[in-house]
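Below, each chain spelled out in residue letters.
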Amino acid sequence: MRKMEQLFIGGKWVKPSSGDVIEVIDAGDESLLGTVPVAKKAEVDKAVRAARQALGKWADTPVAVRAELLEKAANNLKARGSEIAEVISREVGMPLKMSQRIQAALPVIVMDSCAKVLREFPFEVQIANSRVFRVPKGVVVAITPWNYPLHQLVGKVAPALAAGCTVVAKPASEAPLSAFMLAEALEAAWFPPGVFNLLSGNGPETANLLVQHDDVDMISFTGSTSTGTKIAATAAATAKRVTLELGGKSPSLVLDDADFPKALRTTVNNCFLNSGQTCNALTRLLVPRNRLTEVEELVLPLVAGMTLGDPGDPNTKLGPLVSARQRDRVRQYIKEAIQAGTRLLIGGDAPPEGLSRGFYVRPTVFTDVDPGAVIAQEEVFGPVLCIIGYRDLEEAVAIANGTPYGLAAAVWSADTDRALQVARRIRAGQIDINGAPFNALAPFGGFKHSGYGRELGVFGLEEFLEPLSIQLSA
Ligand code: NDP
């Protein structure tokens, strides 16, 4: 049991003013995995003050030093990779092997890449008689979700620190433990006191106090669209800068000339990654209507072969969901879709056999789904795929764009130029052609209700900088 009793404020581990704690539950067996403190107003004020006090010196710290500290912190995280992978696997439910490859390894890559981007970034440019400086936005509050807890946090903290901002982080209550390991990694790298502060606590209480705080300059948020838009409205009262990385209902658009087995295999694996708890999951498979039967025959064995079970078991392909709340929410979506007459290819809302403890949901596929149906429109955040038929390319693009979201998409075609033309018509921030790999330097973020602002690479760094223009006389 991991009992975290202190918060990280001003470079010190501090006992909180209240004894309130949040219980962290093991998604696989519902046992108590740990507890973390709830930061109250006293800690919120203290952390923001520490971040404000540290800001001036940190902003003036040479780029080379900031980059070096980030690289040290990345190494510290790397050294604890197996521990991080195990903790997140138990918190979130991702199978351990995958958790090692994604939950533990990706934050190290992102932090390292941030240091590289920082070293090469032009902080000063001359435009005619103006010298334009890129200066840090100031005190940043990072509010993050539970699905990729360390990756989401590092995706904000590393570029913010690189930019010369100082940070107060509030991780998700379902999966807060790796945030404490991040604080330890930054502390061991000798980041100056106050540059990074960690407050665990409840969203509506601790995070909301941070969003309202007069002395915070920017909120960087990832999570649900409803919470994100609420945060943006609150932050508007004090003119805070806000970036929002929100939900998705991303299409995988398979054109008639595509390699169907490859396209379907990749889409299924992507959709069910982390039990569907992924903001850019490809949850809508768009295929030519006259090939629906063939698609169903190919998809069925892929999903039937997804062994559901304990995330620690090496044979497990699909783990549980993060919490009882998420399990019930996802099963309700499935139940209502069945009641609405949507054709079920495999899965369903019944509890899976032999798994009486843990938050398990059967991998579920609906087929011949009406693109306007609730199950094809809303972010389910569980192991649920919708197969949708289209008549022609125009209809396919309209369906791809026909949800409130616009985070990611995939396009499949034997002709890359054709795929590229189609991809450019889709309103989404990240589009992969023919299963192209994730790029940790490419901008990540959404259109429409998927939010605004970008993370990763140069674009991610720029979010934390403000232009300051000085005109010089001749
Ligand atoms: P939320 O968006 O509510 O939570 C994300 C973060 O915001 C957490 O740190 C949370 O804290 C915090 N938060 C919650 N309420 C407030 C508030 N009033 N003010 C400030 N911060 C707040 O997501 P949920 O965990 O409730 O998940 C619900 C649904 O959201 C999922 O089913 C999924 O559809 C979507 N989601 C999307 C994600 C994405 O990556 N796009 C990630 C996670 C969820 P706390 O944990 O303490 O509540």
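Residues numbered from 1 in each chain as written. Predicted model: local features only at pLDDT ≥ 70, side-chain atom pairs only at ≥ 80, totals over all residues. Heavy atoms only, no water.

A. Expanded view of the pairing of strand β13 (residues 250–254). Counting buried positions over the five residues of β13 gives five, a clear majority of the element. Of the two faces of β13, the one holding S250, S252 and V254 and the one holding P251 and L253 are both buried throughout. Relative to strand β14 (residues 282–288), β13 runs parallel, the two sharing four bridges. Across the sheet, residue L253 finds its bridge partner in β14, namely L286. Tracing the backbone out of β13, into helix α9 (residues 260–272) and back to the parallel element β14 gives a crossover that is right-handed. Relative to strand β19 (residues 408–412), β13 runs parallel, the two being bridged by three bridges. Its bridge partner being in β19, S252 is matched across the sheet by A410. (Buried < 20%, exposed > 50% of the residue type's maximum accessible area, 1.4 Å probe, protein only. Helix = DSSP H or I, 4+ residues; strand = E, 2+ residues; numbered from the N terminus. Pairing = 2+ DSSP bridges. Right-handed = clockwise from strand over helix to strand, strands pointing away.)

B. Structural view of a nonpolar patch on the surface. On the surface, L468, I470 and L472 cluster together into a nonpolar patch covering about 220 Å² of accessible area. Its place among the elements puts I470 in strand β23 (residues 465–471). Judged by relative accessible area, I470 falls into the partly exposed class, the value being 37%. (Patch = residues over 30% accessible without salt bridge, like charges linked within 9 Å, V, L, I, M, F, W, Y side chains within 5 Å. Areas by Shrake-Rupley, 256 points an atom, 1.4 Å probe, with all protein chains shown as cover. Salt bridge = Lys/Arg side-chain N within 4 Å of Asp/Glu carboxyl O.)

C. Representation of the packing of aromatic side chains within the structure. All told, the structure shown has five aromatic pairs when counted by the stated rule. Note on W13 and F180: the rings are 6.2 Å apart at their centroids and 20 degrees apart in plane angle, and the pair reads as stacked. Of this pair, W13 sits in strand β3 (residues 12–14) while F180 sits in helix α6 (residues 177–188); the two residues are 167 residues apart in sequence, bridging distant segments of the chain. Given the relative accessible area of 1%, F180 is considered buried. Ring plane angle 75 degrees and centroid distance 4.9 Å describe the contact between F121 and F123, whose orientation is recorded as edge-to-face. As far as burial versus exposure is concerned, F121 and F123 are alike and both buried. Through a chain of ring-to-ring contacts, three or more aromatic side chains come together here, namely F8, W13 and F180. Of note, R291 hangs over the ring of F260, and the distance from its end group to the ring centre comes to 3.7 Å. (Phe/Tyr/Trp six-rings, centres within 6.5 Å; stacked < 30°, edge-to-face > 60°. Lys NZ or Arg CZ within 6 Å of the ring centre and 35° of its normal.)

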